[in-house]
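Summary of the model geometry
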Amino acid sequence: LGRMEPVIVVHGGAGRIFKEREEGCRAGVVRAALRGYGVLKQGGSAVDAVEEAVQSMEDDPHFNAGCGSVLNEKGEVEMDAIIMDGKNLDSGAVSAVKCIANPIKLARLVMEKTKHMLLTDHGAQLFAQAMGIPEIPGEKLITERSRERWKKNLEPDSNPEEFQKDLGTVGAVAIDSEGNVACATSTGGLSNKLMGRVGDTACIGSGGYADNHSGATSTTGHGESIMKVVLARLILYHMEQGMSPALAADTALDYMKSRVGGLGGVIVVNKAGEWAARFSTKQMSWATVKDDKLHYGISAGEMHIKSIDEALASEREGF
């Protein structure tokens, strides 16, 4: 079998990215893509690469995942995450987890250490303890911005919908040198959501899907809409019908918009290593590395290209 040229694509969430956060979001997705690509270049698997990229964004307070997650109605962080291996369709997910830094790590352990695919809330917490994952105080995950937004949304005349546009679910897809694909997605969910609300992210086929026979995708946007059309699986279905990643993504996003009025964004890689980053929202931060070239952007039609050496150098200088 010929060696594949590895590819990684990441997103930092679709929605409206406020001006003062653009730089941080751009830097965050670039850093995540470079870290994931580093894993692939050293011969690491697609699963290793997407986990590494997503963990990088969970640790970055600019994104609504891990540290920086939005707060539910009670002012707490509850997080969802999924990871999937396209080789054998193994997947692991967690939902409504609290007090851990990296839900994506826990999702991977669910995939590899249990016979199950999804653990939730208290059960996920017990499993994390059994796996030796350190518990951290919930406050450690809460940023000033998340708390401010939560307070604003509690005001009687507030419109949480207005804020939802600045979402920030994070995700990654990759193909490794063996031709295996994988996806990973992680989120803090919707601001001021009901306790126990789980969106698309933890749901296989909605928040992400990976199958070596077609490709991998990770989604972001309005969770309930994404679940209604099973967006990630829908994109792969279109690719199985012969569409390119970009056309498959646009077709599925158009359908979600016309059928249920939902907006979102997706990243895709197919089994040939072709990629796409598409969105129906105002913006989506994304980055990809292929053939030692970094591409990244936030707004429609925006694409910056750097050589990987240049990108790594500016990364070391702090962007």
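Residues numbered from 1 in each chain as written. Predicted model: local features only at pLDDT ≥ 70, side-chain atom pairs only at ≥ 80, totals over all residues. Heavy atoms only, no water.

- Named according to an unreviewed UniProt entry, the protein is Isoaspartyl peptidase/L-asparaginase originating from Pteruthius melanotis.

1. Brief notes about the overall build of the protein
- Of the regular secondary structure elements, the protein holds 10 helices and 13 strands.
- Taking 2.2 N^0.38 as the reference for a compact globule, 319 residues should give roughly 20 Å; the C-alpha atoms of the protein span a radius of gyration of 18 Å, in line with that estimate.
- Here the C-alpha coordinates of the protein stretch approximately 60 × 45 × 45 Å along the principal axes.
- A fraction of 66% describes how many contacts in the protein between residues 6 or more apart in sequence connect residues 24 or more apart.
- Here the protein has roughly 12,900 Å² of accessible surface; of this, 53% comes from carbon and sulfur atoms.
- Taking the 35 positively charged and 43 negatively charged side chains of the protein as two groups, their mean positions are separated by 2 Å. (Helix = DSSP H or I, 4+ residues; strand = E, 2+ residues; numbered from the N terminus. Rg over C-alpha atoms; globule rule 2.2 N^0.38 Å. Contact = heavy atoms within 4.5 Å. Areas by Shrake-Rupley, 256 points an atom, 1.4 Å probe, with all protein chains shown as cover. Lys, Arg positive; Asp, Glu negative; His and termini not counted. Charge placed at Lys NZ, Arg CZ, Asp CG, Glu CD.)

2. Some thoughts on the sheet that holds strand 7 (residues 208-211)
- If you trace the four strands from one edge of the open sheet to the other, you get 7-8-9-10, paired in antiparallel fashion. In this open sheet, the two strands that pair with only one neighbour each are strand 7 and strand 10 (275-279). Sheet twist, expressed as the average angle between the axes of neighbouring strands with direction ignored, equals 10°.
- Contacts between helix 8 (residues 231-240) and the sheet are confined to strand 7, strand 8 (215-221) and strand 9 (264-270), with strand 8 contributing the most and set at about 140° to the helix. (Pairing = 2+ DSSP bridges. Axes fitted to C-alpha atoms, helices over the stretch in contact; angles between N-to-C directions.)

3. A short note on unusual backbone geometry
- Unlike most non-glycine residues, Leu89 shows phi in positive territory, near 65°.
- Leu89 gets classed as partly exposed once you look at its relative accessible area, which sits at 35%.
- Within the chain, Asp121 stands out as a residue other than glycine whose phi angle is a positive 40°.
- Exposure remark for Asp121: the relative accessible area of 36% places this residue in the partly exposed category. (Buried < 20%, exposed > 50% of the residue type's maximum accessible area, 1.4 Å probe, protein only.)

4. Remarks on the pattern of salt bridges
- Applying the stated rule across the entire model yields 18 salt bridges.
- Among the ionic pairs, Glu178 bridges to Arg3, the shortest N-O distance being 2.9 Å. Residue Glu178 is located in the loop between strand 5 (170-175) and strand 6 (181-187), and its partner Arg3 is located in the segment before strand 1 (7-15); the two are separated by 175 residues in the primary sequence.
- Using a relative accessible area of 52% as the deciding quantity, one classes Glu178 as exposed.
- Residue Arg3 is classed as exposed on the basis of its relative accessible area, which comes to 62%.
- In this structure, Lys98 engages Asp121 in a salt bridge whose closest nitrogen and oxygen atoms are separated by 3.9 Å. With Lys98 in the loop between strand 3 (90-97) and helix 3 (103-113) and Asp121 in helix 4 (residues 121-130), the pair connects residues that are 23 residues apart, well separated along the chain. (Salt bridge = Lys/Arg side-chain N within 4 Å of Asp/Glu carboxyl O.)

5. Comments concerning the packing of helix 8 against helix 9 (residues 245-260)
- Viewed as axis vectors pointing N to C, helix 8 and helix 9 meet at an angle of 135°, and their least axial separation amounts to 8 Å. Classified by the interaxial angle, the pair formed by helix 8 and helix 9 is oblique. For the pair helix 8 and helix 9, the crossing hand works out as right-handed. On the side of helix 8, the interface is formed by Leu231, Leu234, Ile235, His238 and Met239, while helix 9 contributes Pro245, Ala248, Ala249, Thr251, Ala252, Leu253, Tyr255 and Met256. (Parallel < 35°, antiparallel > 145°, perpendicular 65-115°, else oblique. Left-handed = near helix turned anticlockwise from the far one by under 90°.)

6. Overview of the environment of Ala174
- Looking at where Ala174 falls in the secondary structure, it is placed in strand 5.
- Looking at Ala174, the relative accessible area reads 0%, which means it is buried.
- As for Ala174 and Glu5, which are separated by 169 residues in sequence, their C-alpha atoms are 11 Å apart.
- For Ala174, the contacting residues outside a window of four places in its chain are Val7, Ile8, Leu40, Ala46, Ala49, Val50, Asn180, Val181, Ala182 and Val269.

7. Thoughts on the sheet that holds strand 3
- Across the sheet, which stays open at both edges, the nine strands sit in the order 4-3-2-6-5-1-11-12-13 with mixed pairing between neighbours. Every other strand in the sheet has two partners, leaving strand 4 (118-120) and strand 13 (304-307) as the edge strands with one partner each. Strand after strand, the sheet turns through a mean of 10° between neighbouring axes, direction not considered.
- Across three bridges, the pairing between strand 3 and strand 4 is parallel. Counted as the bridge partner of Ala93 is Leu118 from strand 4.
- Helix 2 (residues 46-58) rests against strand 1, strand 2 (79-85), strand 5 and strand 6 of the sheet, and its axis sits at about 160° to strand 5.
- With respect to the sheet, helix 10 (residues 308-316) is in contact with strand 11 (283-290), strand 12 (293-299) and strand 13, its orientation differing from that of strand 13 by roughly 90°.

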